[in-house]
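Commentary on secondary and tertiary structure
As a plain string of letters, each chain reads:
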Amino acid sequence: MDTMWWVPDILAGYESADLGAPSTAPAGRPDGALTRTLVRRVAVPESPRAVALIVHGYNDYFFATHLADALVESGCVTYAVDMRRAGRSLRPGNQPHHIAHIDELADDIADAATAACDDAAARGLGTLPLVVHAHSTGGLAATVWASDRPHPALAGLILDGPFYGLVLSASQRALLACMPAVARVLPRMVVDPARSPYTAGLLARGWTFDTAWKDPEGVGATAGWLAATHAAQRRAARGLPIGVPVLVASSDSSGPDRLDNSRLGSQDTVVEVKAIEPMLSGLGARARRLVIAGAVHDLALSTAVPRALPGGSRELRRLSASPAPPRRTRDLTRRPRPRAPEKPLVACESGVIMGAGFVLTGLLLAITLAGASVLRWQARPAHAAGLAVASVAAMSGVLAASVATLPTSGAGEPGAAPSVAVLVAVDDDPPAVAETADAVADPLEWLVVQGPEVVAAIPWPFDGQVEAVREGVATAVDVSESELEAYYAEHGLLVREGSTFVVQTRAGWPARVNLADGYVTVTFG
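Summarised in this report is the structure supplied together with it. (Residues numbered from 1 in each chain as written. Predicted model: local features only at pLDDT ≥ 70, side-chain atom pairs only at ≥ 80, totals over all residues. Heavy atoms only, no water.)

1. Points about the overall build of the protein chain
Defined as follows: Under the scheme used here, helices are H or I runs from DSSP no shorter than 4 residues and strands are E runs no shorter than 2 residues, and both carry numbers assigned from the N terminus. Exposure categories follow from relative accessible area, calculated using a 1.4 Å probe and restricted to protein chains: below 20% of the type maximum is buried, above 50% is exposed, and the middle band is partly exposed. Under the convention used here, a 1.4 Å probe and the Shrake-Rupley method define accessible areas, while residue burial counts only the protein chains that appear.
Helix and strand counts for the protein chain stand at 14 helices and 19 strands. Residues classed as buried in the protein chain amount to 50% of the 525 residues present. Working note: accessible area of the protein chain is about 23,100 Å², and carbon and sulfur atoms make up 58% of it.

2. Topic: empty space enclosed by the protein
The following threshold applies: In this analysis, the protein atoms alone were mapped onto a 1 Å grid. Cavities are point sets where a 1.4 Å probe fits without being able to get out; pockets are open sets with protein on both sides within 12 Å along at least five of seven lines; lining residues have an atom within 4 Å of a point. Grid points are joined across faces, edges and corners, and a volume is the space filled by probe spheres set on the points. Charged residues are taken to be Asp, Glu, Lys and Arg, nonpolar residues to be Ala, Val, Leu, Ile, Met, Phe, Trp, Tyr, Cys and Pro, and polar residues to be all remaining types, Gly included.
Taken as a whole and assessed by the stated rule, the structure comprises 4 cavities of 30 Å³ or more. Of the volumes computed, that of the largest cavity is approximately 120 Å³. Lining the largest cavity we find 14 residues, and of these Ile54, Asp60, Tyr61, Ala64 and Asp298 sit closest to its centre. Counting only elements with at least two residues in the lining of the largest cavity, the list comes to strand S4 (50-55) and strand S6 (130-135). When its residues are assigned to classes, the lining of the largest cavity shows 9 nonpolar, 3 polar and 2 charged. For the second largest cavity, the calculated volume is near 80 Å³. Lining the second largest cavity, in full, are His56, Gly57, Tyr58, Met83, Arg84, His97, His98, Ile99, Leu105, Thr137 and Trp225.

3. Considerations on the environment of Ala80
For the record, the criterion: Note on definitions: a residue-residue contact is assigned when non-hydrogen atoms from the two residues lie within 4.5 Å.
Within the secondary structure, Ala80 sits in strand S5 (residues 76-82). Since its relative accessible area comes to 0%, Ala80 is described here as buried. Sequence separation between Ala80 and Leu38 is 42 residues, and the spatial gap between their C-alpha atoms is 5.9 Å. Leaving out residues up to four positions away in the same chain, Ala80 has contacts with Thr37, Leu38, Val39, Leu53, Ile54 and Phe62.

4. Looking at the pattern of salt bridges
Note the threshold: In the sections that follow, a salt bridge refers to a side-chain nitrogen of Lys or Arg positioned within 4 Å of a carboxyl oxygen of Asp or Glu.
In this structure the tally under the stated criterion is 21 salt bridges. Linking Asp69 and Arg41 is a salt bridge whose minimum nitrogen-to-oxygen distance equals 3.1 Å. Here the residue Asp69 occupies a position in helix H1 (residues 65-73), and Arg41 occupies one in strand S3 (residues 36-41), the gap between them amounting to 28 residues. Exposure remark for Asp69: the relative accessible area of 28% places this residue in the partly exposed category. Among the residues examined, Arg41 registers a relative accessible area of 18% and is labelled buried. For the salt bridge of Glu485 with Arg496, the shortest nitrogen-to-oxygen distance reads 3.6 Å.

5. Some words on the nonpolar core
Within soluble globular proteins, side chains that are nonpolar generally end up buried alongside one another. The condition that has to hold: Definition of nonpolar core: a set of buried residues of the types Ala, Val, Leu, Ile, Met, Phe, Trp, Tyr and Cys, connected through side-chain atoms within 4.5 Å.
Counting 66 residues, the largest nonpolar core has Leu38, Leu53, Tyr79, Leu130, Val132, Trp145 and Leu159 as the members making the most contacts within it. Per-element accounting of this core gives the leading share, 10 residues, to helix H2 (residues 103-122). Setting aside anything within four residues of it in sequence, one finds Tyr79 in contact with Trp6, Leu38, Val39, Arg40, Val51, Ala52, Leu53, Ile54, Ala116, Asp119, Ala120 and Arg123. Counting 24 residues, the second largest nonpolar core, distinct from the first, contains Leu444, Val477, Tyr487 and Phe501.

6. Digging into the packing of H2 against helix H3 (residues 137-148)
If you want to describe how two helices pack, look at the angle between their axes and the distance between the axes. Cut-off, in case you're wondering: Only the stretch in contact is used when fitting a helix axis, every axis being a line fitted to C-alpha atoms; angles between N-to-C directions are given from 0 to 180 degrees. Reported orientations rely on four angle classes, namely roughly parallel under 35 degrees, roughly antiparallel over 145, roughly perpendicular from 65 to 115, and oblique for the rest.
At a minimum axis separation of 8 Å, H2 and H3 run at an interaxial angle of 75°. Taken together, the axes of H2 and H3 lie roughly perpendicular to each other. Facing H2, whose interface residues are Asp103, Leu105, Ala106, Ile109, Ala110 and Ala113, H3 presents Thr137, Gly138, Ala141, Ala142, Val144 and Trp145. Residue composition of the contact of H2 with H3, by class: 9 nonpolar, 2 polar and 1 charged.

7. Some remarks on the pairing of S4
This is how it is decided: In this analysis, strands are considered paired if DSSP registers two or more bridges between them. Place the viewer so that the strands point away; then a crossover is right-handed whenever the path from the first strand over the helix to the second strand goes clockwise.
Summarising burial for S4: 6 of the 6 residues are buried, a large majority. Residues Ala50, Ala52 and Ile54 line one face of S4 and the alternating positions Val51, Leu53 and Val55 line the opposite face, and both faces are buried. Examined bridge by bridge, S4 and S5 share 6 bridges and lie parallel to one another. Residue pairing across strands places Val51 opposite Val77, the latter belonging to S5. With H1 bridging S4 and the parallel S5, this β-α-β connection has right-handed handedness.

8. Focus on the sheet that holds strand S14 (residues 468-470)
The strands making up a sheet are joined through hydrogen bonds of the backbone, oriented either antiparallel or parallel. Spatial ordering of the open sheet is given by S13-S12-S14, a layout of 3 strands whose pairing is mixed. Both outer strands of the open sheet, strand S13 (455-459) and S14, are each paired with one neighbouring strand and no more. Here the strands of the sheet are splayed against their neighbours by 35° on average, with no regard to which way each runs. Note: strand S12 (residues 446-450) against S13, 5 bridges, orientation antiparallel. In the sheet register, Val448 faces S13, and the bridge partner there is Ala457.

9. Brief notes about the packing of H3 against helix H7 (residues 223-238)
The test is simple: For a crossing to be left-handed, the near helix must be turned anticlockwise from the far one by less than a right angle; the clockwise case is right-handed.
Packing of H3 against H7 brings their axes to within 10 Å, and their N-to-C directions diverge by 50°. Here H3 lies oblique to H7, going by the angle between them. For the pair H3 and H7, the crossing hand works out as left-handed. Counted together, Thr137, Leu140, Val144 and Asp148 of H3 and Trp225, Thr229, Ala232, Gln233 and Arg235 of H7 form the full contact between these two elements. For the contact of H3 with H7, the class distribution of residues is 4 nonpolar, 3 polar and 2 charged.

10. Observations concerning the sheet that holds strand S17 (residues 500-504)
In spatial order, the strands read S15-S19-S18-S17-S16; together these 5 strands make up an open sheet with antiparallel pairing. The sheet is open, and its two borders are formed by strand S15 (475-476) and strand S16 (496-497), each paired with just one other strand. When S15 meets strand S19 (residues 519-524), the two strands line up antiparallel, connected through 2 bridges. The residue of S19 that forms the bridge with Thr475 is Val520. The strands that helix H14 (residues 481-490) touches are S16, S17 and strand S18 (510-516); relative to S17, the one it contacts most, it runs at about 35°.

11. A short note on the side chain of His135
Where we set the bar: What qualifies as a polar contact is a pair of N or O atoms within 3.5 Å, subject to a donor-acceptor requirement within protein and to the restriction that residues adjacent in sequence count only when both atoms come from side chains.
Here His135 lies in strand S6. At 2.9 Å, the side chain of His135 forms a polar contact with the backbone oxygen of Asp160. Setting aside its immediate chain neighbours within four residues, His135 contacts Val55, His56, Gly57, Asp60, Asp160, Gly161, His297 and Asp298.

Here it is as structure tokens:
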């Protein structure tokens, strides 16, 4: 890549450089000049061990300097990219965040990765392994990139709340299925206003950013963007094997993106976290799951306690090391968690979707008439007939999906979501305690916690007296509170809520450990 010209960035202590236009022009009519921007932290670690590249999501750009600081503390020379039509790369005429294919974002990640690695070498830091930290839509694009054409130096991938799915009803899924047809004719049509109470909540909780680049009113999602991301999600569902360690991290729950949601600041209100688990096996044998209780969509913008949970920093140290062969360990999350019943649509939501369905039907009818007229004018009656048949089928599907949103009699409230304590479904004959503990290949020692529905393991300084405890049951141990605190501090696990230690199980779920008067009590959630 050509020599980059670095200039002071809008963030103090950072510099930015224009990566220029993508080498492959995107499909469709141009909407202004396209460029991408690479941002670098000027200060570097004393002993660099990796290059880290931060990739943003939708209605987003790089501003989280505390995330970059954490990466530097882990030994990473830190860069970030603002992709096309986003943040620093937004140019006059651009339709913010619009894409026609996920490969457009994959191209931007590829170019930024190459530029970051080349720049680190040019700074005299040597040839370093590459770790990519990608959020939301950036995480979806990074998944495709890391599977299809990874950089040779790629050593690890961190996916922060990846956009693998949304909470959708059957009718909404039917409408989404029409997007490819709409996108072929009107790719830039805004289909979803994509309001963002989530972003407004970030401002209310004290985060600061440029609202011209991360708009609390949201950025309307185009038919092209919806079709492109949905196609990428289908690819990921079929499997996108990645040859390096992958850490897939998210909140422990999803909820409605509304200001009246009491958990707006403690759960993912943008993507469906339950869509992540089915994707995990398709990412390769080295993919790991990390669940952070109380986190929001962008884990780095959560409150202090979720951000301080130790699993992420420990995994980062592993990923930033040189690639190593995968270890054979027992997967304590071998069975998926039960799914909560789907929330029925209320009358207001039904009316909105039904109205949208009729609008879309009228739009398809107008497109059909216009397209048929043009094709007939071009003496291509067969193509005109084909367009008419396809459009009638699409309109029928939209109308059927819209009518399906009408509320039925007796529709009640949704069932309760499964408890966070449902970590692992166990067999009728659970594995032996000693076997479970010994199966975990990790420098930490682990104490097995047996619940009514689960078997999990927490970090524990073994005293030889107890090998297992029961969830919620006080158990006598020979470890003092000061010894436990010293053990957690030694391994970078020390997070406290009052007199309670907050740790993660071997499977990545949160656990609370209370040790008092020689008795330990462990609870999940």
